[in-house]
Amino acid sequence: IVTEDIESLFQLSPATTRLQNVTHLARETERLGKRQQALETWTFVYNKQSEVSARLEALVHKTGLATELGKKEEAFAFFRNSLSLERETQNCKTPLCEENRKRLRQFITSWNQTEKKSPSENLLKAYELFMENNPQDFEMALWGAQAAREVKNQQLAWHFYMISLAPLKKSSGEAPRKQLENALLSLIEVAEALKSDSLMAQ
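Residues numbered from 1 in each chain as written. Predicted model: local features only at pLDDT ≥ 70, side-chain atom pairs only at ≥ 80, totals over all residues. Heavy atoms only, no water.

**Thoughts on the overall build of the chain**
Point 1. When helices and strands are tallied, the chain shows eleven helices and zero strands.
Point 2. Along the longest, intermediate and shortest principal axes, the C-alpha atoms of the chain span 70 × 30 × 25 Å.
Point 3. For the chain, buried positions account for 43% of its 202 residues.
Point 4. Considering only contacts in the chain between residues 6 or more positions apart, those separated by 24 or more positions represent 54%.
Point 5. For the chain, the accessible area works out to roughly 11,300 Å², and carbon and sulfur atoms hold 50% of it. (Helix = DSSP H or I, 4+ residues; strand = E, 2+ residues; numbered from the N terminus. Buried < 20%, exposed > 50% of the residue type's maximum accessible area, 1.4 Å probe, protein only. Contact = heavy atoms within 4.5 Å. Areas by Shrake-Rupley, 256 points an atom, 1.4 Å probe, with all protein chains shown as cover.)

**Quick look at the state of the cysteines**
Point 1. Scanning the entire structure with this criterion turns up one disulfide.
Point 2. Bridging Cys92 to Cys97, the disulfide has an S-S length of 2.0 Å. A torsion of 85° about the S-S bond marks the disulfide between Cys92 and Cys97 as right-handed.
Point 3. We classify Cys97 as buried; its relative accessible area is 2%. (Disulfide = S-S within 2.5 Å.)

**Some details on the environment of Ser198**
Point 1. When you line up the elements, Ser198 lands in helix 11 (residues 197-201).
Point 2. For Ser198, a relative accessible area of 53% corresponds to the exposed category.
Point 3. C-alpha separation for the pair Ser198 and Met162, spaced 36 residues apart in sequence, amounts to 15 Å.
Point 4. One polar contact links Ser198 to Ser196, side chain to side chain, over a distance of 3.2 Å. (Polar contact = N/O pair within 3.5 Å; in protein donor to acceptor, adjacent residues only side chain to side chain.)

**What to know about the packing of aromatic side chains**
Point 1. Inspection of every chain in the model, using the stated rule, returns five aromatic pairs.
Point 2. Ring geometry for Phe107 versus Trp111: centroids 5.5 Å apart, planes at 50°, classification tilted. Here the residue Phe107 and the residue Trp111 both occupy positions in helix 6 (residues 95-114), the gap between them amounting to four residues, near one helical turn.
Point 3. Looking at Trp111, the relative accessible area reads 11%, which means it is buried.
Point 4. Residues Tyr127 and Phe160 carry aromatic rings whose centres are separated by 6.2 Å and whose planes lie at 65° to one another, so their mutual orientation is edge-to-face. (Phe/Tyr/Trp six-rings, centres within 6.5 Å; stacked < 30°, edge-to-face > 60°.)

**Some thoughts on the packing of helix 1 (residues 3-12) against helix 3 (residues 35-48)**
Point 1. Where helix 1 meets helix 3, the axes come as close as 10 Å, and the angle between the chain directions of the two elements is 45°. Considering their axes alone, helix 1 and helix 3 lie oblique with respect to each other. Of the two possible hands of crossing, helix 1 and helix 3 adopt the one that is right-handed. Facing Thr3, Ile6, Glu7 and Phe10 of helix 1, the residues of helix 3 in contact are Glu40, Thr41, Phe44 and Lys48. (Axes fitted to C-alpha atoms, helices over the stretch in contact; angles between N-to-C directions. Parallel < 35°, antiparallel > 145°, perpendicular 65-115°, else oblique. Left-handed = near helix turned anticlockwise from the far one by under 90°.)

**Some points on the packing of helix 1 against helix 2 (residues 18-31)**
Point 1. The interhelical angle for the contact between helix 1 and helix 2, taken along N-to-C directions, is 150°, at an axis separation of 8 Å. The crossing of helix 1 and helix 2 is right-handed. For the pair formed by helix 1 and helix 2, the contact residues are Ile6, Leu9, Phe10 and Gln11 on the first element and Arg18, Leu19, Asn21, Val22 and Leu25 on the second.
Point 2. Tallied by class, residues from the contact of helix 1 with helix 2 come to six nonpolar, two polar and one charged. (Nonpolar A, V, L, I, M, F, W, Y, C, P; charged D, E, K, R; others polar.)

What follows is the structure, given as structure tokens:
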């Protein structure tokens, strides 16, 4: 598949199904492992699509494909743009919107696995950006805090732990209660590391 093929499919398709057909091509190309061609096809979809959730879908796929192709800086740029679009779909509950959110979350957790012992600045920033959109996701806040502590960024770790407290307090069950206790104990350790009496008191 080359760029001309994508353009031909779009032009030769009926006007009512043009984008649908090219989106199907993008999904199938990605499914078959043709990453570079899939990236080009999703880019075409993104440039032609006007619906926010569909544009977000294209960006989310571009993020994953760029990562798999080793284009980390491009992937991070696509991720940032994805979160900007996601803010416009906060109240959207369609299967596509839910899948987009799931993929964005999975992008960070997979990235974290590859940098478990030495998280990069971009990974920490990705956690920050994600939490701005999803402050109720206490698990991501806790994982972000752990990543920050790996690189001795205690201020950021404090920030993530504090974000986790509100949703943890509202959650019921033994597991969230245990996570809340662990978060509070971790906050004490972070305050000690920062040598801050005021944070210790808090």
